[in-house]
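One-letter residues, chain by chain:
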Amino acid sequence: MHILIIGAGGMVGRKLATTLGRSGSLDGHRITRMTLADLATPPVPSGVVAPVEALAVDISESGGAQTLAAYRADVIFHLAAIVSGEAERNFELGYRVNLDGTRALLEAIRREGMRETYVPRFVFSSSIAVYGSPFPDPIPDDYVLAPLTSYGVQKAISELLLADYSRRGFVDGIGIRLPTIVIRPGAPNAAASGFFSGILREPLAGQRAVLPVEETVKHWLASPRSAVSFLIHAATLDTSALGVRRTLTMPGLAATVADQIDALRRVAGPEAAELIDRRRDEVIEGIVAGWPKSFTPERATQLGFTAETSVDELIEVYLAEDAPGASRGD
C-alpha cells in the first residue's frame, strides 16, 4: 500500500506520518511506500519501516496537484490548508489554497483515472467551521451548513466537491470535520482558535498566556491523538455506510474556557491559572462568536469514532506526548 499525506509538515500531518510509518500497516495492509508533501519539504519521521519520500509541492500552483496525483497512491490524506485566522485576513490566499487547491487535486486524480483505472481512498480534513450561528446547542448531524467565515465557506464547498467526485466514482472519499485541536504542541499558529491551546500550554510551561474572549465561551475540542485516530479510522472505514453524505462531524467534548481553566488548576495548581492574562480581542471574539459550541455526532459515533470526554484528558495527552520532555508521538 502506498500512502500519500498532503500537509505532512503540519502538526497533525507529522503525527499521522509517524504513527503510520512506525506501524508499517493500515487496515491489515503492509505499507510499502509513503510520500509526504507540503509547501516546504516535510520532515521524515524516525523509526519508519517503509521507504519514505518527502517533497515540496504546492497544490494550488500549476502542475502541483498533477505531480501528486501521478504517484497513484492507494490512500491520500488531504490535510493541507490555510488556517482560519489567516484565511480571514488573506482572502485570496485562503481561496487559492483551501478551495482551488482541493479542486485541482480532485481534478488531477480524476484525469489520472482516465488514463488507467485509479480510484484512491481520499480522506479530507474539514472543519466544524462549516457551521455558523444561529444554530442549536448541540448541533445534530443533519443541520444546515451556513459558515460565517471564509475558511468555513472554503471547507463547505470542498465537502460538496468531495461528495460529487465520490458519487461519480473518481475517488472513494470521506471527509471528517475536526474539532478544534487542544492542546497543540509547539509555537502558536495563525488560527483564531489558537488561544484554546495557549491558555493551557503556556501556563503548564510556566509561561504567560493571553485569553482574548470571555470565560463563558464554549467550544468543541479533541486532542491531537484523537485527530490522528480519526484520520486512520476514516481511511479504513467501509464507505458504503456513508451513502451520499460523505462528510462526518467528529466526536469531541464541549467545554467552556472556564472549564479549561478549572482543569488547569486541578493539574498544575492555582498559580498556573494566574498566568492567564485577560485581554479582549474584538476580531477574535467576532470570529469565535459564530462558531458552534457542541454536537451530537451520532453518525460518527455509530461508525466507531471516539474522542476524549474531559479537559483533564486533553491535558493528560499533552503531558504524555507533547509537552517539553515528554515521550513524543511525532
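Further up the page is the structure itself.
Please read all numbers here as calculations on a predicted model, not as lab measurements.

Chemist: Please explain the overall build of the protein chain as it appears in this structure.
Modeler: Secondary structure assignment for the protein chain yields 12 helices and 16 strands. By the compact-globule yardstick of 20 Å for 330 residues, the protein chain fits well, its C-alpha radius of gyration being 19 Å. The proportion of buried residues among the 330 residues of the protein chain is 55%. Contacts in the protein chain between residues far apart in sequence, at least 24 positions, make up 76% of those at least 6 positions apart.

Chemist: Quick question: what am I supposed to make of the packing of helix H4 (residues 91-115) against helix H5 (residues 150-167) here?
Modeler: In helix packing, the relevant descriptors are the interaxial angle and the interaxial distance, both defined with respect to the helix axes. Two elements in contact, H4 and H5, have axes separated by 9 Å at closest approach and are oriented at 10 degrees. Taken as axis vectors, H4 and H5 run roughly parallel relative to one another. Residue-level contacts link Phe-91, Gly-94, Tyr-95, Asn-98, Leu-99, Thr-102, Arg-103, Leu-106, Glu-107 and Arg-110 of H4 to Ser-150, Tyr-151, Val-153, Gln-154, Ile-157, Ser-158, Leu-161, Leu-162 and Tyr-165 of H5. Looking at the contact of H4 with H5, its residues break down into 10 nonpolar, 6 polar and 3 charged.

Chemist: What exactly am I supposed to notice about the pairing of strand E4 (residues 33-38) here?
Modeler: Residues in a regular strand point their side chains to alternate faces of the sheet. Along E4, 5 of the 6 residues are buried, which leaves the element largely enclosed by surrounding structure. Direction of pairing for strand E1 (residues 2-6) relative to E4: parallel, over a ladder of 5 bridges. When the bridges of E4 are listed, Ile-5 appears paired with Leu-36. Here E4 pairs with strand E5 (residues 52-56) via 5 bridges, running parallel. The partner of Leu-36 across the bridge, within E5, is Ala-54.

Parameters and conventions
Residues numbered from 1 in each chain as written. Predicted model: local features only at pLDDT ≥ 70, side-chain atom pairs only at ≥ 80, totals over all residues. Heavy atoms only, no water. Helix = DSSP H or I, 4+ residues; strand = E, 2+ residues; numbered from the N terminus. Rg over C-alpha atoms; globule rule 2.2 N^0.38 Å. Buried < 20%, exposed > 50% of the residue type's maximum accessible area, 1.4 Å probe, protein only. Contact = heavy atoms within 4.5 Å. Axes fitted to C-alpha atoms, helices over the stretch in contact; angles between N-to-C directions. Parallel < 35°, antiparallel > 145°, perpendicular 65-115°, else oblique. Nonpolar A, V, L, I, M, F, W, Y, C, P; charged D, E, K, R; others polar. Pairing = 2+ DSSP bridges.

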